[in-house]
Amino acid sequence: MTILTLLIPVTLIMGAIGLGAFFWSLRSGQYEDLSGDAERILFDDDAPLAPRRTPREPAAITEETTT
């Protein structure tokens with residue numbers, strides 16, 4: 001029964017944090033464009049993205065660098 005004196009305040013604090021996060025997301029505009037992301041994934045980009053080189057990849061060796 002004494003555990004309830006700990007669990008009830010912890011639950012209320014967690015609920016207040018969740019409610020605060022929800023109101024923060026409303027105020028910051030997270031729910032403004034609900035259909036935009038759902039429709040944007042259906043469209044194909046015309047130009048493919050250029051491949052990115054990772055820092056671990058060595059630079060390509062060409063004939064100019066070997067001579």
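This is a predicted model, so every value here is computed, not measured. (Residues numbered from 1 in each chain as written. Predicted model: local features only at pLDDT ≥ 70, side-chain atom pairs only at ≥ 80, totals over all residues. Heavy atoms only, no water.)

Engineer: Before we move on, can you summarise the overall build of the protein with the specific residues and values?
Structural biologist: A count of helices and strands for the protein gives 3 helices and 0 strands. Counting from the amino terminus, the protein carries its helices and strands in the arrangement α-α-α. Of the accessible surface of the protein, which amounts to about 7000 Å², a share of 64% is contributed by carbon and sulfur atoms. (Helix = DSSP H or I, 4+ residues; strand = E, 2+ residues; numbered from the N terminus. Areas by Shrake-Rupley, 256 points an atom, 1.4 Å probe, with all protein chains shown as cover.)

Engineer: Describe the side chain of Ser 25, and please don't skip the residues or the numbers.
Structural biologist: Mapped onto the secondary structure, Ser 25 falls in helix α1 (residues 4-27). For Ser 25, a relative accessible area of 8% gives the class buried. There is a polar contact of 2.7 Å between the side chain of Ser 25 and the backbone oxygen of Phe 22. Among all residues touching Ser 25, those that are not within four sequence positions of it are Gln 30 and Tyr 31. (Buried < 20%, exposed > 50% of the residue type's maximum accessible area, 1.4 Å probe, protein only. Polar contact = N/O pair within 3.5 Å; in protein donor to acceptor, adjacent residues only side chain to side chain. Contact = heavy atoms within 4.5 Å.)

Engineer: Outline the packing of aromatic side chains, listing residues and values.
Structural biologist: The tally for this structure, following the rule as stated, stands at 2 aromatic pairs. On the numbers, 6.3 Å between centres and 45 degrees between planes, the contact of Phe 22 with Tyr 31 is tilted. Among the residues examined, Phe 22 registers a relative accessible area of 40% and is labelled partly exposed. Under the relative-accessibility criterion, Tyr 31 is labelled partly exposed at 40%. Here the aromatic cluster, defined as three or more aromatic residues joined through ring pairs, consists of Phe 22, Phe 23 and Tyr 31. (Phe/Tyr/Trp six-rings, centres within 6.5 Å; stacked < 30°, edge-to-face > 60°.)

Engineer: Residue-level account of α1, with values.
Structural biologist: Its 24 residues give α1 an end-to-end C-alpha distance of 34 Å, which sits within 8% of 34 Å, the value for a rise of 1.5 Å per residue. In the segment just after α1, Gly 29 is the residue with positive phi, at about 85 degrees. (Expected span 1.5 Å × (residues − 1).)

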